[in-house]
Amino acid sequence: MLFSSLFFGSKCSPEKSASFFSKVTYSWFSRVITLGYTRPLEREDLFELNESDSSYTVCPIFEKQWRKEVLRTQERQKVKASFHKEADTTKPSLLYALWNTFKSVLIQVALFKVFADILSFTSPLIMKQMIIFCEHSSDFGWNGYGYAMALFVVVFSQTLILQQYQRFNMLTSAKVKTAVNGLIYKKTLLLSNVSRQKFSTGEVINLMSADAQQLMDMTSNLNLLWSAPFQILMVISLLWQELGPAVLAGVAVLVFVIPINALAATKIKKLKKSQRRIKDKQIKLLKEILHGIKILKLYAWEPSYKNKITKIRDQELEFQKSARYLTVFSMLTLTFIPFLVSLATFRVYFLLNEENILTATKVFTSMSLFNILRIPLFELPGVISAVIQYLKLNIPLLESMISLGRLEDFLNAKELLPQSIETEYIGDHAIGFTDASFSWDKRGIPVLKDLNLKIPEGALVGVVGQVGSGKSSMLSAILGEMEKLTGIVQRKGSVAYVSQQAWIQNCILQENILFGSIMNKEFYEQVLEACALLPDLEQLPKGDQTEIGERGVTISGGQQHRVSLARAVYSGADIYLLDDPLSAVDVHVGKQLFEKVIGSSGLLKNKTRILVTHNLTLLPQMDLIVLMESGRVAQMGTYQELLSKTKNLRNLHQIISEEEKAHALKQVSAVKFSIILQYLQAFGWFWVWLTMFTYLGQNLLSVGQNLWLSAWTKEAKYMTMNESTEWKQIRSNKLNVYGLLGLIKGLFVCSGAYVITRGSLSASRTLYVQLLNNVLHLPIQFFETNSTGQIISRFTKDIFILDMHLHYYLRLWLNYTLEVIGTILVIVGALPLFILGIIPVVFFYFSIQRYYVASSRQIRRLTGASRSPVISHFSETLSGVSTIRAFGHEQRFIQQNKEVVNENLVCFYNNVISNRWLSVRLEFLGNLLVLLAALLAVLAGNSIDSAIVGLSISYALNITHSLNFWVKKTSEIETNAVSLERVCEYENMDKEAPWITSRRPPLQWPNKGVVEFINYQARYRDDLSLALQDITFQTHGEEKIGIVGRTGAGKSTLSNCLFRIVERAGGKIIIDGIDISTIGLHDLRSKLNIIPQHPILFSGTLQMNLDPLNKYSDSKLWKVLELCHLKEFVQSLPEKLLYEISEGGENLSVGQRQLLCLARALLRKTKILILDEATASIDFETDKLVQTTIRKEFSDCTILTIAHRLQSIIDSDRVLVLDSGRIVEFEAPQKLIWQKGLFYEMTTEAGITQDSRTKHKLL
């Protein structure tokens, strides 16, 4: 082999160039194990995948087979449709496509399994010959040594073949998951909007994680489909040779019991399907909570949403409990099956012929075969159930599928029809609509109706209209995101899209702007300057190399929109669709963006630009104006044309005039035992001790059964026919005692399983609630610096391991520990010299385990770390799919997905190989113990009874399995405890201040609304500079304060400090005489009111979004909806207040979402209200109505208005002007204008004169 030619840390796997011996023993992997023992492993230390195992190879091959299957199904449907009136609803089969992709390697895996199974039956036959050899002293000689060596060769060969089977089986299963996930990702980018509403983000993520994992598990267990029946038939066949027709009694037991277990397994599958449905809801809600965590904290809604998600979790645990109790029943019957089969077989064996005697040869050969029978019997019911469910056998109540059905539903969901838009159009206009109508659903009500519109190339088009008039829908229609019902749509050239809610990737700022394009330094600098990003880059710690957090949390809302605009500008597209990108930025910045980017002298001056806007002052500069009303083009033309021929635009213009009068301006250390203790504590110490007692009892009874059989056969050997009557009675008594021991053992097994179930459910519930509590108490800065994928991974993958695996591994570890101890004691009692061999072997076992665990733990951690980017990238893609499709970057994102999946596959591949490396070595040591026991039996000759030989060798054959599993379960516990460690990790992180403290403010506080900042300082993190410095000011009760400043001045930070989202670094804030730092967060936040800049809604009813605490009556809700001008809209909905809001509020316009946020504020009605650019997303007519409502309903409140539009605060009592985190001006607005300071500069840039509060006007 070329092992020596490779250097440490080489990425290229040496497997292909390794020798045959190195391949079968996995010695080529030893360098990684050695390196991991000497120092913590890093990603670069792991071997790369073989080319055939990578996602770059697997995904295209599977996609090709899936397309063939889709086409085959369509052809079959056409043929059937020609013969039948009813259409064929058969869907393309995912299983069929998978089989066509992986059939060759699946057949190879099956062949390995065949050889391993055949060898497993050879060992009892050789043991039988050894017992016969020991019974005949005249045969003493080299025959015995030959049998001993043959036994060793067989078990060692079985080890090598079985490990090859395990390796290929696991990697093939991983490739199946990779192929399916690749197809899911690609499908996500093609889904129609109807399909996207049908499959929420949480459901799609669950398909990728849970359901694809389930399919992977099914593939890994696929060979059990034939292997379990094959092994059972082989056992029955060999038992027939030993016990004759008596074995039919055992077969009768199997025929009776197995169907019962199959039904139990089927019921378990159905419960798991329901559990997965609940899990979908849980992940969906959890994801929304994490995305809207700031809103929850601002409104002090954490307890309400904690209760919601805890209720869903309790429902999931109820399904788990039912499934586990059924598993207890299965375990009881499966534990009884080998015992019942042997008991029935022995009883009938005696009844068939009274002279039949159970000799050592018959007993221990039969018992070895019964031991082999345990595993296939345990697996068979699950296999039967899986076959029924996955292959859709037509059995009542079992036709519904679980994961496979869900995956097929998703992969067959409706896609966007590219032919709905003519993109190859060549003509004199850039975009054209001819009698076009659109809907979000092919069978739904038209949202856009009878559009007839031609947009010339290079034109600047303004699209205006009230909230819900169809402005954003028109852009979606141009992008092809809507269902075309009638008409023709034409589009010429490439498209760039800026969405109303900025979509930002979790990568450096430069990569967000380049968006896969090649760097052109000169043009890049022009784009940064035009999009007003240069001042921001100076403030960011690493300039344009600064990494932006998930969903852009590390930069302001205005910066997010400018980055999104810069991305579009840099793309160099032909057509630009701009969905109100200026509403979220300061007025002076908006003016610059229009002049330098969008307008007639901007970078895009020669491009076709369609700008949705509420800023009607920009309309005179438009080449064409489209006025939308109720989904139709009400009017279209130039500014002067519309102004002269219709009152619509005049009405809108008049609104501005009236408004102008109304407004005047990584861990790598070992998992600590304390972590396991934390799990046991959650498990409950009572259940822990009870578990140990039950498992000790069942193992003692198991040893007792075998010792009883050994003593029985020893006595039978010396009985004579003259004593046949006495022997019949003894034999009957012996059999009764054997049966009683088996019955008691079964009861102990059942009790142990029940105890484990109760304790593990308690641990699952406790640890989940602790994790949820810890996450909800973390400060907002944590969510800005940690990806949602990492947090969700703890609630999904890590909690799944605690729910399903950790308690299982602990149970097996305890069972195998007791089994190993019992085995060693029995063999040493039979062959005392065996102790000389067991000591060094056990030493090597522990040494190899210690040597291996260091690497295994680190590879497992690397695997976990590589999983989060997969989920994060998938989640990021789901939220930005419209932008990705608009830019035509689907292939680039598919390639990125393959890259992150491949990184995870590399870690998984190394993890599989490391497990095989360990198994080969441990089983080899176990095989040496088998050889030692066999040689000692041969050496003992006549001095040892054949019953003792049978007992010791059968136990020796079992110790290989037991010791191997004991070490592997020890490693599994430590590696899986990483998930426990991750779940408990948040326990020791810095939390927010307590929600409630012993010092509670009065119920009527605050009753005046006086806010006072005294020498206040604040910073977001200890390693950052001060965001606010020496802030000192005081408001009067019921005063209206405007807060202004350029981007990064500290406006939003000021509001965050009021809510203690950002804690003080110095000074204090006093509200109506109480220092807010001395009371609980919920006592503070529940007494403040805010209408945030970004309207966040949660999936659920409209009523729940308004009132999650269920504090207000329906009449109160209708009243606030009327005040927000939403009553008419809500009454038009079929479910009214119970109307289901989709995830993120996607089935409402942004303006409607903002009005719902106003309704929330009206419901709370506290003495202090903060407006954070609350009307940026609504049109001027609605804005006027909202401002009127706010002035009337909050007239007795102190209002702090953070504004980008200076018109929003020009009529304030006083204006606070911030610059670089300091107060530079604080006075009445007209005085500030007269002083000609910073505020005067800002008003001048915004086009506001200093005539008076009622006489300023917009240019």
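The numbers attached to residues start from 1 for each chain and follow its sequence in the written order. The predicted nature of this model means local features are confined to residues of pLDDT at least 70 and side-chain atom pairs, given and counted, to a pLDDT of 80 or more, with totals for whole chains, interfaces and linings taken over all residues. Note: side-chain values were computed over all heavy atoms of the structure, leaving out hydrogens and water.

By the naming in an unreviewed UniProt entry, the chain is Multidrug resistance-associated protein 1-like, taken from Aotus nancymaae. UniProt positions are given in the numbering used here, feature names are shortened, and annotations may be inferred rather than shown by experiment. In its Subcellular location (unreviewed entry) section, the UniProt record describing the chain reads: "Vacuole membrane". The UniProt entry for the chain carries this comment under Sequence similarities (unreviewed entry): "Belongs to the ABC transporter superfamily. ABCC family. Conjugate transporter (TC 3.A.1.208) subfamily."

## Thoughts on the overall build of the chain
In DSSP terms, a helix is any run of H or I states spanning at least four residues, a strand is any run of E spanning at least two, and both are numbered starting from the N terminus. Summing up its helical and strand segments, the chain has 39 helices and 21 strands in all. Think of it in three bands: residues with accessible area under 20% of the maximum for their type are buried, residues over 50% are exposed, and the middle band is partly exposed, with areas taken using a 1.4 Å probe on protein chains only. By the burial criterion, 59% of the 1259 residues in the chain qualify as buried. Carbon and sulfur atoms form 58% of the exposed surface of the chain, whose accessible area is close to 50,200 Å². We get accessible surface area from the Shrake-Rupley algorithm with a probe of 1.4 Å; when it comes to residues, only the shown protein chains can shield them.

## Some details on the sheet that holds strand β1 (residues 429-439)
At least two DSSP bridges between two strands are needed for those strands to be called paired. The strand order β2-β1-β4 describes an open sheet built from 3 strands, whose pairing is antiparallel. Of all the strands in the sheet, the pair left with one neighbour each is β2 (448-456) and β4 (483-491). This sheet shows a mean twist of 0° between the axes of neighbouring strands, independent of strand direction. Relative to β2, β1 is paired through 6 bridges, and the arrangement is antiparallel. Paired with His429 across the strands is Pro456, a residue of β2. Contact criterion: two residues are considered in contact whenever any of their non-hydrogen atoms come within 4.5 Å of each other. Axis definition: a line fitted to C-alpha atoms, over the contacting stretch in the case of helices. Angles run 0 to 180 degrees between N-to-C directions. Along the sheet, helix α14 (residues 471-479) contacts β1, β2 and β4; its crossing angle with β1, the most-contacted strand, is approximately 110°.

## Describing helix α26 (residues 788-830)
With 43 residues, α26 should reach 63 Å at 1.5 Å per residue; the first-to-last C-alpha distance of 59 Å fits that figure. Maximum bend of α26: about 45°, positioned at Leu802. Along α26, 32 of the 43 residues are buried, which leaves the element largely enclosed by surrounding structure. To estimate how far a helix should extend, the number of its residues minus one is multiplied by 1.5 Å. The angle separating two fitted axes, one through the seven residues that finish at a residue and one through the seven that start at it, defines the bend at that residue.

## Some details on the packing of helix α5 (residues 142-188) against helix α13 (residues 403-411)
Where α5 meets α13, the closest approach of the two axes is 10 Å, and the angle between their N-to-C directions is 35°. Handedness of the α5/α13 crossing: left-handed. Along its contact with α5, which presents Val180, Leu183, Ile184, Lys187 and Thr188, the element α13 presents Leu407, Phe410 and Leu411. Residue polarity is assigned by list, with Asp, Glu, Lys and Arg as charged and Ala, Val, Leu, Ile, Met, Phe, Trp, Tyr, Cys and Pro as nonpolar; anything else, Gly included, falls into the polar class. In terms of residue class, the contact of α5 with α13 is built from 6 nonpolar, 1 polar and 1 charged. It is the rotation of the near helix from the far one that decides the hand of a crossing: anticlockwise by less than a right angle makes it left-handed, clockwise makes it right-handed.

## Brief notes about the side chain of Lys484
Looking at the element boundaries, Lys484 is found in strand β4. For the purposes of these results, a polar contact is taken to be a pair of N or O atoms within 3.5 Å, where, inside protein, one atom must be able to donate a hydrogen and its partner to accept one; residues adjacent in sequence count only when each atom of the pair is a side-chain atom. Of the polar contacts made by the side chain of Lys484, one reaches the backbone oxygen of Gly487; its length is 3.3 Å. Residues within four places of Lys484 in sequence aside, it is in contact with Ser420, Ser437, Phe438, Lys442 and Val489.

## Things to note about the pairing of strand β20 (residues 1214-1219)
Among the 6 residues in β20, 5 count as buried, and that is most of the element. Inspection of the sheet shows strand β12 (residues 1040-1045) paired to β20 by 5 bridges, in the parallel sense. When the bridges of β20 are listed, Ile1041 appears paired with Arg1214. Of the pairings in the sheet, the one linking β20 to strand β21 (residues 1222-1227) comprises 5 bridges and is antiparallel in character. Its bridge partner being in β21, Asp1219 is matched across the sheet by Arg1222. Counting the residues in the hairpin turn of β20 and β21 gives 2 residues, including Ser1220, whose phi is positive at 55°.

## Some thoughts on helix α36 (residues 1150-1164)
Taking 1.5 Å as the rise per residue, α36 with 15 residues should run 21 Å; its terminal C-alpha atoms sit 22 Å apart, in good agreement. Summarising burial for α36: 15 of the 15 residues are buried, a large majority. Looking one or two residues past α36, Lys1165 carries a phi angle of roughly 40°, positive in sign.

## Here's the deal with the pattern of salt bridges
By definition, a salt bridge exists where a carboxyl oxygen of Asp or Glu is found within 4 Å of a side-chain nitrogen of Lys or Arg. Under the criterion given, the structure shown has 32 salt bridges. Across the pair Arg72 and Glu69 runs a salt bridge whose closest N-O atoms are separated by 2.7 Å. Of this pair, Arg72 and Glu69 both sit in helix α3 (residues 55-83), 3 residues apart, which is roughly one turn of that helix. The exposure class of Glu69 is buried, given its relative accessible area of 2%. With its nearest N and O atoms 3.1 Å apart, the salt bridge here joins Glu316 to Arg313. With a gap of 3 residues between them, Glu316 and Arg313 both fall in helix α11 (residues 302-352), about one helical turn apart. The residues Glu316 and Arg313 share a single accessibility class, namely buried. One continuous salt-bridge network, built from bridges that share partners, spans Lys279, Arg313, Glu316 and Asp803.

## A short note on the state of the cysteines
When two cysteine sulfur atoms lie within 2.5 Å, the pair is treated as a disulfide. Applying the stated criterion to the full structure yields 0 disulfides. In this structure Cys1124 is a free cysteine whose sulfur lies 9.8 Å from that of Cys1157, the closest cysteine sulfur available.

## Notes on the nonpolar core
To qualify as a nonpolar core, a set must consist of buried Ala, Val, Leu, Ile, Met, Phe, Trp, Tyr and Cys residues joined through side-chain atoms within 4.5 Å. Of all hydrophobic cores here, the largest spans 191 residues; its most connected members are Phe29, Leu94, Ile184, Leu215, Ile513 and Cys531. Of all the elements, helix α29 (residues 890-940) adds the most residues to this core, at 23 residues. In this structure Cys531 touches Arg562, Leu565, Ala566, Val569, Leu593 and Val597, once residues within four positions along its chain are discounted. Counting residues in each nonpolar core, the second largest holds 88 residues, with Tyr695, Leu802, Phe1059 and Ile1090 among its members.

## Details of the packing of aromatic side chains
Pairing of aromatic rings covers Phe, Tyr and Trp, the last through its six-membered ring, and needs centres within 6.5 Å; plane angles under 30 degrees mean stacked, over 60 mean edge-to-face, and all others mean tilted. This structure, assessed with the given rule, holds 33 aromatic pairs. Centroid distance Tyr37 to Tyr851: 5.0 Å. Interplanar angle 50°. Geometry classified as tilted. Judged by its relative accessible area of 25%, Tyr851 falls in the partly exposed class. Through a chain of ring-to-ring contacts, the aromatic side chains of Tyr299, Trp301, Tyr305 and Phe1098 assemble into a single cluster. Positioned above the aromatic ring of Tyr96, the side-chain terminus of Arg72 is 4.5 Å from the ring centre. Whether a charge lies above a ring is judged from NZ of Lys or CZ of Arg, which has to be within 6 Å of the ring centre and within 35 degrees of the ring normal. The ring of Phe168 has Arg167 sitting right over it, with the charged end atom 4.8 Å from the ring centre.

## Digging into the packing of helix α2 (residues 30-38) against helix α27 (residues 834-879)
Following both chains from N to C, one finds α2 and α27 inclined at 90°, their axes separated by 8 Å at the closest point. As summarised for this structure, α2 and α27 are arranged roughly perpendicular, according to the angle between their axes. Contacts from Val32, Ile33, Thr34, Gly36 and Tyr37 of α2 reach α27 at Arg850, Tyr851, Tyr852, Ala854, Ser855, Gln858 and Ile859. Grouping the amino acids of the contact of α2 with α27 by side-chain chemistry returns 7 nonpolar, 4 polar and 1 charged. Angle categories: roughly parallel below 35 degrees, roughly antiparallel above 145, roughly perpendicular from 65 to 115, and oblique for all the rest.

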